[in-house]
Amino acid sequence: MIARRELLALIGAAPLTLGAARGVPFSFDRLRSQADALARQPFRAPQPTPGADRIDYDAANTISFAPARALFDDRPGASPVRLFPPRATAPASVALHLVENGVAQRIYPDQALFGQVAGVVPPTGASGFRVMKRQGEGDWLAFLGASYFRAVGPEGQYGLSARAVAVDAGLDGRESFPAFTAFWLEAAADGSLTIDALLDGEALTGAFRFRCRLTNEGVHQEVDAHLRLRRDVARIGLAPATSMFWYGQTEHRTASDWRPEVHDSDGLALLTGAGERLWRPLTNPPRPLTSSFGDRNPGGYGLLQRDRRFDRYLDDAVFYERRPDLWTTPIGSWGAGAVMLYAFPTRSEIVDNVVAFWTPAAPTLAGTALDYAYHLDWRSTEPWPSPLARVVDSYTGDGGLPGEVPPPGVIKIVVDFAGPSLVGLRESGTVVPVPSLGRGRIVQKVAYPLGNVDGRWRAMVDIALDGGEEPSEFRLVLERDGRPVSETLLMQLFG
């Protein structure tokens, strides 16, 4: 068990009320059993903390938390943890426990943890937490609201988010949002943190274990997950990532904002089970759209921010070029299923309108248990680089030749590829573009080395769509002697 003086050392000087004098045994297996037992009970929605509705976005950003009151602050080498007070966007309080040597002790945050905001006393309790750097240079991981969490990349910025699971995402308003209701925190002297969490929702329950550490490349998490379904779920999304895409290179001419691009991520990268590399540029679609990329035992997938030049965004306040990537690498065999990408239209940057996740092919019926594991890497470079050239820029515009009247109904697609596989290839014709179009026809195509930049080629393809309401899938890869020298571009085109 945890001696009371040892527990006080773990929580530092924080004004917290301890639970029972003696802790209780804790393990991930016990948490799994707790989630299974919870699934057999009727769902009870978490109740909002009294007073949380008064803490809006602006008020929440002014609440102070004394550094000396952080959990684990007095433990050598450990990453301190500061708590978030309940607020309008995350009104429910969560149960918090500290774990040491297999024994857990419940803690109860006191109002004295937080400073007053314009005369409004923050509610009692905590709706989440963030993990701080030992050097006091900000935080590197945060859990707040439903089952959402996010981490920084090597440039110290937050961007997109992850969550535990997506339930019926993109199915005509049927999506539900399970929430973490309890956490167990165990800090290590090397700065890493193990976070166990209980998930509860009307559709399912779950137990999650996150082993988290901050590295020079960003934040790495190893996740063990267990889900138990309360009801049938038509579309379950495992290891989902959520991001924002307002407009980019191809949409700027339709945007009302002065900045050239505004997005947290600009594409979905996939490494298939067969080893193929795919790249789907994100779009702000005219209506909600879902794309499905069937696979078996995927190698990984991620929402990435490839464009990392300040002059592409010109935003000197939020610095979109510093947003982290989030790459998911399955552990073990995930079997048959699909990576799904769901996006809906947005007219601002304050709405996350993109989510990517894995959905298994097998039906997910009431009573089903799902056990799976994966890595999450929050970085600014892809964790599994390839010698194949990758897409670095893509544009669309009128077809035909510059200076001539554009042929009606023809769209020009311009794609720049760069990478080791193109280095030294300087003669036109040594590399050829291989395009295909789901609906319509290819008018003309060409590929050539770009300027004086070794290892960079440009492909230009003119296409004509057949019309119709559904988008047409455009596919493009560069080949040499019949073998791919680039990843495959998959682009949605709207007639």
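The rules behind each value
Residues numbered from 1 in each chain as written. Predicted model: local features only at pLDDT ≥ 70, side-chain atom pairs only at ≥ 80, totals over all residues. Heavy atoms only, no water. Helix = DSSP H or I, 4+ residues; strand = E, 2+ residues; numbered from the N terminus. Rg over C-alpha atoms; globule rule 2.2 N^0.38 Å. Buried < 20%, exposed > 50% of the residue type's maximum accessible area, 1.4 Å probe, protein only. Contact = heavy atoms within 4.5 Å. Areas by Shrake-Rupley, 256 points an atom, 1.4 Å probe, with all protein chains shown as cover. Lys, Arg positive; Asp, Glu negative; His and termini not counted. Charge placed at Lys NZ, Arg CZ, Asp CG, Glu CD. Pairing = 2+ DSSP bridges. Axes fitted to C-alpha atoms, helices over the stretch in contact; angles between N-to-C directions. pLDDT = per-residue confidence, 0-100. Patch = residues over 30% accessible without salt bridge, like charges linked within 9 Å, V, L, I, M, F, W, Y side chains within 5 Å. Salt bridge = Lys/Arg side-chain N within 4 Å of Asp/Glu carboxyl O. Phe/Tyr/Trp six-rings, centres within 6.5 Å; stacked < 30°, edge-to-face > 60°. Lys NZ or Arg CZ within 6 Å of the ring centre and 35° of its normal. Core = buried A, V, L, I, M, F, W, Y, C linked by side-chain atoms within 4.5 Å. Polar contact = N/O pair within 3.5 Å; in protein donor to acceptor, adjacent residues only side chain to side chain.

**As for the overall build of the protein**
- Of regular secondary structure, the protein possesses three helices and 33 strands.
- Its C-alpha atoms give the protein a radius of gyration of 25 Å, within 12% of the compact-globule value 23 Å for 495 residues.
- If you line up the protein on its principal axes, its C-alpha atoms span 80 × 45 × 40 Å.
- Split into buried and exposed, the 495 residues of the protein put 54% on the buried side.
- Excluding contacts between residues fewer than 6 apart, the proportion of contacts in the protein whose partners are at least 24 apart in sequence is 69%.
- Of the roughly 21400 Å² of accessible surface on the protein, a fraction of 51% belongs to carbon and sulfur atoms.
- Taking the average location of the 51 positive side-chain charges in the protein and that of its 57 negative ones, the two points are 4 Å from each other.

**Some details on the sheet that holds strand β30 (residues 456-464)**
- In space, the four strands of this open sheet follow the order β26-β27-β30-β29, with antiparallel pairing throughout. Across the chains shown, the open sheet's two edge strands, defined by having one partner strand only, are β26 (390-398) and β29 (441-449). Recorded for the sheet is a direction-independent mean angle of 15° between the axes of neighbouring strands.
- Here β29 pairs with β30 via eight bridges, running antiparallel. Within β30, the residue paired with Y448 across the bridge is R458.

**Looking at the confidence of the model for the protein**
- Averaged over the protein, the pLDDT score is 91; the fraction of residues at 70 or greater is 93%.
- Confidence drops under pLDDT 50 across residues 1-15; counting only partners more than four residues distant or on other chains, this segment forms 41 contacts.

**Side note on a nonpolar patch on the surface**
- A cluster of nonpolar side chains, contributed by W258, F310 and L314, occupies part of the molecular surface with about 330 Å² of accessible area.
- Looking at where W258 falls in the secondary structure, it is placed in the loop between β16 (245-247) and β17 (262-263).

**Details of the pairing of strand β5 (residues 103-109)**
- Most of β5 is tucked away, with five of its seven residues classed as buried.
- Relative to β5, strand β2 (residues 24-25) runs antiparallel, the two sharing two bridges. By the bridge assignment for β5, P25 is matched with V103.
- Here strand β4 (residues 95-100) pairs with β5 via five bridges, running antiparallel. Across the sheet, L96 pairs through a bridge with I107, a residue of β5.
- Between β4 and β5, which pair antiparallel and follow one another directly, the connecting turn spans two residues, one of which, N101, has a positive phi of 55°.

**Section: unusual backbone geometry**
- Phi is positive for F72, close to 65°, though the residue is something other than glycine.
- Mapped onto the fold, F72 is located in the loop between α3 (57-61) and β3 (81-84).
- By relative accessible area, F72 is classed as buried at 0%.

**A few points about the packing of aromatic side chains**
- A complete count under the given rule lists 21 aromatic pairs for this structure.
- On the numbers, 5.1 Å between centres and 70° between planes, the contact of W246 with Y247 is edge-to-face.
- A ring pair is formed by F310 and F319, whose centres lie 6.4 Å apart and whose planes are at 40°; its orientation type is tilted.
- On the basis of relative accessible area, F310 is assigned to the partly exposed category, the value being 37%.
- Aromatic rings pair up to connect F129, F143, F149, F180, F183, F208, F210 and W378 into one cluster.
- A cation sits over an aromatic face here: R150 above Y158, 4.4 Å from the ring centre.
- We note R306 situated over the ring of W279; from NZ or CZ to the ring centre the distance is 3.8 Å.

**Remarks on the environment of A369**
- Checked against the element boundaries, A369 lands in strand β25 (residues 369-379).
- In sequence terms A369 and S348 are 21 residues apart; their C-alpha atoms lie 38 Å from each other.
- In this structure A369 touches H226, L227 and R228, once residues within four positions along its chain are discounted.

**Quick look at the nonpolar core**
- L83, F129, F183, I195, F208 and L227 are the most contacted members of the largest nonpolar core, which totals 78 residues.
- Beyond its immediate chain neighbours, meaning those up to four positions away, I195 contacts F129, L141, F143, F183, W184, L185, F208, R209, F210 and C212.

**Observations regarding the pattern of salt bridges**
- With the rule as written, the count across this model stands at 30 salt bridges.
- One salt bridge in this structure joins R287 and E470, with 3.8 Å as the shortest N-O distance. Residue R287 is located in the loop between β19 (277-281) and β20 (289-296), and its partner E470 is located in the loop between β30 and β31 (472-480); the two are separated by 183 residues in the primary sequence.
- Judged by its relative accessible area of 28%, R287 falls in the partly exposed class.
- Residue R306 is joined to E487 by a salt bridge in which the shortest nitrogen-to-oxygen separation is 2.7 Å. Within this pair, whereas R306 is found in the loop between β21 (300-304) and β22 (325-331), its partner E487 is found in the loop between β32 (483-484) and β33 (488-493), the two being separated by 181 residues in sequence.
- Take R306: its relative accessible area is 14%, and that puts it in the buried class.

**So, the side chain of R280**
- Within the secondary structure, R280 sits in strand β19.
- Of the residues examined, R280 reaches a relative accessible area of 1% and is grouped as buried.
- Within the structure, the side chain of R280 is placed 3.0 Å from the side chain of S291, a separation counted as a polar contact.
- Apart from residues no more than four positions distant in its own chain, R280 is found in contact with G267, L268, S291, F293, L341, E473, L490, M491 and Q492.

**Remarks on the environment of A162**
- Assignment of secondary structure puts A162 in strand β9 (residues 161-163).
- Taking the relative accessible area as the measure of exposure, A162 reaches 2% and is therefore buried.
- Considering only alpha carbons, one finds A162 and Q444, 282 residues apart in sequence, at a separation of 41 Å.
- When neighbours within four sequence positions are excluded, A162 is seen to be in contact with S147, Y148, F149, P240, A241, L326 and W378.

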